[in-house]
Amino acid sequence: MKRQQSISRIKKEYGVDPRELGSLKESRDMIEKVNIYHDLVKDKQERAIDPITWNDLEMDEVFYRVNHTRSYAGEQVLYHILHGNTVDERNKLDKEARFFDENEEDRIYVERGLIRVGKRYIDYYVPDTLDTFQDIRIKHAFIYPLLLCLLIFSIILAIFKPQFGGLIVMVATINIIVYAVVKLKYENELEALASIRGIIQFGEFLMKSEKLASRYESEGIKKNIKELSKLTEVINFYTARKNMQNSGEPMSVIGSYILGVTLIDVICCSMVINKLKSRNADLMKLYEFIGWLDAAISVASFRNSLDSCQPEIRSDGYIECKAVYHPLLNNPVKNDLIMKKNCFFTGANATGKSTFMKALAINVILGETINTCAADSMAFPEMYVMTSMALRDDVQEGESYYVREIKYLKRMLETTDSGIRTLIVIDEILKGTNTKERIAASRSVLEYLSERNAVVITATHDMELVEFMENLYDSYHFDCQIEDGEVKFDYKLLEGKNVKTNAIQLMKGMGFPDSITERGEEYAAAWS
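As the structure is a prediction and not an experimental result, all values here were calculated from the model.

K.L.:
Provide a residue-level description of the overall build of the protein chain, including the pertinent values.
P.N.:
A count of helices and strands for the protein chain gives 24 helices and twelve strands. The buried share of the protein chain, taken over its 528 residues, is 51%. Considering only residue pairs separated by 6 or more positions, the protein chain has 77% of its internal contacts joining residues 24 or more positions apart. Here the protein chain has roughly 26,200 Å² of accessible surface; of this, 53% comes from carbon and sulfur atoms.

K.L.:
Talk me through the pattern of salt bridges; I want residue IDs and the actual numbers.
P.N.:
On inspection of all chains with the given rule, the structure shows 29 salt bridges. Among the salt bridges present, the one from Arg-303 reaches Asp-94, with a minimum N-O distance of 2.7 Å. With Arg-303 in helix 18 (residues 280-304) and Asp-94 in helix 7 (residues 87-102), the pair connects residues that are 209 residues apart, well separated along the chain. No difference in accessibility class separates Arg-303 from Asp-94, as the two residues are buried. In this structure, Glu-104 engages Arg-107 in a salt bridge whose closest nitrogen and oxygen atoms are separated by 3.8 Å. Here Glu-104 pairs with Arg-107, and both are found in helix 8 (residues 104-117), just three residues apart, close to one helical turn. On the basis of relative accessible area, Arg-107 is assigned to the buried category, the value being 2%.

K.L.:
Could you give me a rundown of the packing of helix 3 (residues 31-41) against helix 9 (residues 126-133), with the residues and numbers involved?
P.N.:
One way to put it is that helix 3 packs onto helix 9 with a least axis distance of 8 Å and a crossing angle of 35°. Only Pro-127, Asp-128 and Asp-131 of helix 9 make contact with helix 3, whose side of the interface consists of Ile-36, Tyr-37 and Leu-40. A class-by-class count of the residues in the contact of helix 3 with helix 9 yields four nonpolar, no polar and two charged.

K.L.:
Please provide a residue-by-residue account of the nonpolar core, values included.
P.N.:
Judged by nonpolar contacts, the single largest core of 114 residues is most densely connected at Ile-319, Phe-345 and Met-378. Top element by residues in this core is helix 18. It accounts for 14 residues. With near-sequence residues (within four places) excluded, Ile-319 lies in contact with Leu-337, Ile-338, Met-339, Leu-360, Val-364, Met-378, Ala-379, Phe-380, Met-383 and Leu-423.

K.L.:
Account for unusual backbone geometry, naming residues and giving values.
P.N.:
Backbone geometry places Glu-58, a non-glycine residue, at a positive phi of 55°. Summarising the element assignment, Glu-58 is placed in the loop between helix 4 (51-56) and helix 5 (59-66). Using a relative accessible area of 40% as the deciding quantity, one classes Glu-58 as partly exposed.

K.L.:
Give me the lowdown on the packing of aromatic side chains, citing residues and values where you can.
P.N.:
Considering all chains together, one arrives at 16 aromatic pairs under this definition. Where Phe-63 meets Tyr-64, the ring centres are 5.8 Å apart and the plane angle is 55°; that geometry is what we call tilted. Residue Phe-63 shares its accessibility class with Tyr-64, and that shared class is buried. Plain terms: the ring middles of Phe-63 and Tyr-79 are 5.1 Å apart, the flat faces sit at 85° to each other, and that makes the pair edge-to-face. Residue Phe-63 is found in helix 5, and its partner Tyr-79 is found in helix 6 (residues 72-81); the two are separated by 16 residues along the sequence. Here the two residues Phe-63 and Tyr-79 agree in accessibility, since each one is buried. One aromatic cluster in this structure is built from Tyr-37, Tyr-72, Tyr-124 and Tyr-287. A cation sits over an aromatic face here: Arg-107 above Tyr-14, 3.7 Å from the ring centre. Over the face of the ring belonging to Phe-99 we find Arg-215, whose NZ or CZ atom lies 3.7 Å from the ring centre.

K.L.:
Quick rundown of the sheet that holds strand 7 (residues 422-427)? Include the residues and the values.
P.N.:
With respect to topology, six strands assemble into an open sheet ordered 6-7-8-4-9-12, the strand pairing being mixed. Edge positions in the open sheet fall to strand 6 (384-388) and strand 12 (494-495), since each of these has one partner strand only. Here strand 6 pairs with strand 7 via five bridges, running parallel. Within strand 7, the residue paired with Val-385 across the bridge is Leu-423. Relative to strand 6, helix 20 (residues 401-417) is tilted by about 160°, and along the sheet it contacts strand 6, strand 7 and strand 8 (454-459). Where helix 21 (residues 435-450) meets the sheet, it contacts strand 4 (343-346), strand 7 and strand 8, and its direction lies at approximately 155° from that of strand 8.

K.L.:
Now, about the sheet that holds strand 5 (residues 377-381): what can you tell me, with residues and values included?
P.N.:
The mixed open sheet is built from four strands, whose spatial order is 1-5-2-3. The sheet terminates laterally at strand 1 (312-314) and strand 3 (335-338), the two strands that pair on one side only. Direction aside, the axes of adjacent strands within the sheet are offset by 15° on average. Bridge count between strand 1 and strand 5: three bridges; the pairing is parallel. Within strand 5, the residue paired with Arg-314 across the bridge is Pro-381. Taken strand by strand, helix 19 (residues 353-370) contacts strand 1, strand 2 (320-324), strand 3 and strand 5, and its axis lies near 80° from that of strand 5.

K.L.:
Got a sec to walk through the state of the cysteines? Specific residues and values, please.
P.N.:
Scanning all chains against the criterion turns up zero disulfides. The thiol of Cys-321 is unpaired, and the distance to the nearest cysteine sulfur, on Cys-373, comes to 9.0 Å. Classification of Cys-321 as buried rests on a relative accessible area of 5%.

K.L.:
Account for the environment of Ser-354, with residues named and values stated.
P.N.:
Its location among the elements puts Ser-354 in helix 19. Sequence separation between Ser-354 and Ala-390 is 36 residues; the distance between their C-alpha atoms is 10.0 Å. Those residues in contact with Ser-354 that lie beyond four places of it in its chain are Met-389 and Asp-427.

About the cut-offs
Residues numbered from 1 in each chain as written. Predicted model: local features only at pLDDT ≥ 70, side-chain atom pairs only at ≥ 80, totals over all residues. Heavy atoms only, no water. Helix = DSSP H or I, 4+ residues; strand = E, 2+ residues; numbered from the N terminus. Buried < 20%, exposed > 50% of the residue type's maximum accessible area, 1.4 Å probe, protein only. Contact = heavy atoms within 4.5 Å. Areas by Shrake-Rupley, 256 points an atom, 1.4 Å probe, with all protein chains shown as cover. Salt bridge = Lys/Arg side-chain N within 4 Å of Asp/Glu carboxyl O. Axes fitted to C-alpha atoms, helices over the stretch in contact; angles between N-to-C directions. Nonpolar A, V, L, I, M, F, W, Y, C, P; charged D, E, K, R; others polar. Core = buried A, V, L, I, M, F, W, Y, C linked by side-chain atoms within 4.5 Å. Phe/Tyr/Trp six-rings, centres within 6.5 Å; stacked < 30°, edge-to-face > 60°. Lys NZ or Arg CZ within 6 Å of the ring centre and 35° of its normal. Pairing = 2+ DSSP bridges. Disulfide = S-S within 2.5 Å.

See below:
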């Protein structure tokens, strides 16, 4: 009965927006734990998205939108993948996502196993634990069996010569101290044993399917799982002993004292750690394989949950897209764009400039990491994405808006100077300074970037800047209408620069006093 319920649930949830399944709050609460694996391996990742861009684009929210995973390993690996992926890894992930989408029975089988792996709080520390095992050095482990033998010898000696009874107390005291020190030192690492057993058991479950066992045999997974299965016996012994200790029953408490005094617990701990150390690399490989399978199914489900396409990633050129939209919007307005050179986006606030620029950047990232875009079609060159959008003063660091802005721009210049092809997305460039210097400095920066290996899209309200740069940058704009005193936005992308100034009209639509808007119109007329 439970098996059928599980299968029914898996079928029902496939291709559904994960945010509708009621686990979004839990996912947000766990995001720091999800990030553990990425933090461990990000230095090995080629051109991972930097934190500024990740935060500007609200990529945590994008992760929640994609995240259909069933296991902690899947969550952690998917989160890492979205930070950056190689061409080979992307193609491999795409191939696997297609396989699971076309083979429902195999997908359901794998998902059933992944659900058993689960997402317990302690599970998320497995990558950190496996990484820690590499550095553990158990010194003087040979002493533990000797102390046990000494305790046995002292008991036997006291039976025949009671005057040596004090020796039992002395040896038992030493053993308890050793037990306490070892337990304190290694207990945290051993907390993850049940989680480690879970990934081994998933591997054993996976290999019961002849089709799947054959599919992954070339990667050495089958052999790896066979070797790791030998670890389950020693892990089972240790976890059973720990469960007994934690039960709180009188006999369990007595038993735990006996295990401590005799150092059987310490000997077992030492044996488990040495066994895990010897298979540490194999365990990490299995963990990553499970996460990768889960991530592939998540990508397949994501593709079925929205209008999507696989992009054409070219060697050069600009961005071309049809019916592209922001994947986080429930009722998005879709737009077409064919870039022939770098470009400006203009228009009043709230007309859709920032959302559209974020949509372009996010879809380039999704295309380059999971070979999926929220569009009918999309083509672009392979490029590193960098943004400068969600800026604010940093009171704690004592940095003004403008100082932070030029720091953000400087990192972009340094990246393009290195020769890396880069998508540069800037929302309202250099707005943190006065008009004269803003236009002059912005013009200089944008001219510099146009001479580099970069695709640049930027929003601005400075029409003078747009006019200065019209030979190097194309212009697009978003508009709004005032109807019956209400501001209405259609969020449709239009070619050319915005010829209308509607800031004061927007104030009228928002119900500002007539004295303010009339005086504003007078000042605007005098300025022009």
